[in-house]
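Structural features, examined
Chain residues, written in single-letter form:
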Amino acid sequence: MKILEKNDKIWYSNNDYSTYTGLAGIAYIFYHYGKYYNNSAYVTKAMELLEKCIAEFKSRHEITFLTGIVGPLSLTAIMLHSQQKEEQANQLILRYT
């Protein structure tokens, strides 16, 4: 994690927040790594990245999972659900529908 945080400017500076080629995709990998190795630091980092994606995503008209806002929103809702934060997941979904 230290090496990743040391080099985070490389992938943070990109304005791509999509699941396919951007920051949400990196968050997706962090989440699965953290779940597989039972390391909450990676899951926490994934949530931070996804929150940034949702806040910074510019094109709300693109509704695809891979390149649009739907990907980061879906991943965030799934993570919240897995952490038993059902109400937050529902509020997130309702905010963007």
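No experiment lies behind these values; they were computed from the predicted model shown.

A word on the side chain of Thr76
Relative to the helices and strands, Thr76 resides in helix 5 (residues 70-82). In contact with Thr76, other than residues within four places in its own chain, are Met47, Leu50, Ile54 and Leu92.

Structural notes on helix 4 (residues 40-56)
Taking 1.5 Å of rise per residue, the 17 residues of helix 4 would be expected to cover 24 Å, and the 24 Å separating its terminal C-alpha atoms lies within 8% of that figure. Residues of helix 4 that are buried include every one of Tyr42, Val43, Lys45, Ala46, Met47, Leu49, Leu50, Cys53 and Ile54, and no others. With a side-chain oxygen lying 3.1 Å from the backbone nitrogen of Ala41, the N-terminal cap of helix 4 falls on Asn39.

Some words on a nonpolar patch on the surface
A contiguous nonpolar patch, built from Tyr20, Phe65 and Leu66 and spanning about 330 Å² of accessible area, is present on the exposed surface. Take Leu66: it is sitting in the loop between helix 4 and helix 5.

As for the environment of Ser40
Summarising the element assignment, Ser40 is placed in helix 4. Note on Ser40: relative accessible area 56%, which makes it exposed. Separated by 10 residues in the primary sequence, Ser40 and Phe30 place their C-alpha atoms 9.9 Å from one another.

Focus on the nonpolar core
With 23 residues, the main nonpolar core has Ala46, Leu50, Met79 and Leu92 as its most contacted residues. Going through the elements one at a time, helix 3 (23-36), helix 4, helix 5 and helix 6 (86-95) are the ones with two or more residues in this core. In this structure Leu92 touches Ile54, Leu73, Thr76, Ala77 and Leu80, once residues within four positions along its chain are discounted.

With respect to helix 3
Over its 14 residues, helix 3 extends 20 Å from the first C-alpha to the last, a length consistent with the 20 Å expected when each residue adds 1.5 Å. Turning to helix 3, its buried residues number three or more, namely Leu23, Ala24, Gly25, Ala27, Phe30, Tyr31 and Gly34. A positive backbone phi angle near 55° is found at Asn38, which sits one or two residues after helix 3.

Considerations on the packing of aromatic side chains
Under the counting rule described, the total for this entry stands at four aromatic pairs. Aromatic pair Tyr33 and Tyr37: ring centres 4.7 Å apart, planes at 45°, arrangement tilted. Pairing Tyr36 with Tyr37 gives two aromatic rings, centres 4.8 Å apart and planes at 85°, and the pair type is edge-to-face. When sorted by exposure, Tyr36 lands in the same class as Tyr37, which is exposed. Joined through ring pairs, the aromatic side chains of Phe30, Tyr33, Tyr36, Tyr37 and Tyr42 make up one cluster.

So, the pattern of salt bridges
Within the structure shown, the criterion is met by one salt bridge. Between Glu48 and Lys45 there is a salt bridge, with the nearest N and O atoms lying 3.9 Å from each other. Of the two residues, Glu48 and Lys45 are both situated in helix 4; the distance of three residues between them amounts to about one turn of the helix. On the basis of relative accessibility, which here comes to 10%, the residue Lys45 falls in the buried class.

Rules used in this analysis
Residue numbers here run from 1 along each chain, matching the order of that chain's written sequence. At least 70 in pLDDT is required for a residue's local features to be given in this predicted model, at least 80 for side-chain atom pairs to be given and counted, and no such filter applies to totals for whole chains, interfaces and linings, which use all residues. Excluded from the side-chain calculations are hydrogens and water; all other atoms, namely the structure's heavy atoms, are used. Under the scheme used here, helices are H or I runs from DSSP no shorter than 4 residues and strands are E runs no shorter than 2 residues, and both carry numbers assigned from the N terminus. In this description, contact between two residues means that some pair of their heavy atoms is separated by no more than 4.5 Å. An expected span of 1.5 Å times one less than the residue number is assigned to each helix. We call a residue buried when its accessible area falls under 20% of the maximum for its residue type, exposed when it is over 50%, and partly exposed in between, using a 1.4 Å probe and counting protein chains only. Polar contacts here mean pairs of N or O atoms no more than 3.5 Å apart (in protein, one a potential hydrogen donor and the other a potential acceptor; neighbouring residues in sequence count only if both atoms are side-chain atoms). Each patch is built from residues that are more than 30% exposed by relative accessible area and take part in no salt bridge. Like charges join if they lie within 9 Å; nonpolar side chains (Val, Leu, Ile, Met, Phe, Trp, Tyr) join within 5 Å. Each accessible area is a Shrake-Rupley estimate made with a 1.4 Å probe; only the visible protein chains count as cover when residues are assessed. Only one rule defines a salt bridge in this text: a Lys or Arg side-chain nitrogen within 4 Å of an Asp or Glu carboxyl oxygen. Within this scheme, the nonpolar core is defined by two criteria: the residues are buried Ala, Val, Leu, Ile, Met, Phe, Trp, Tyr or Cys, and they are joined through side-chain atoms within 4.5 Å. The rule is short: rings of Phe, Tyr and Trp, with Trp giving its six-membered ring, pair when the centres are within 6.5 Å, and they are stacked under 30 degrees, edge-to-face over 60, tilted in between.

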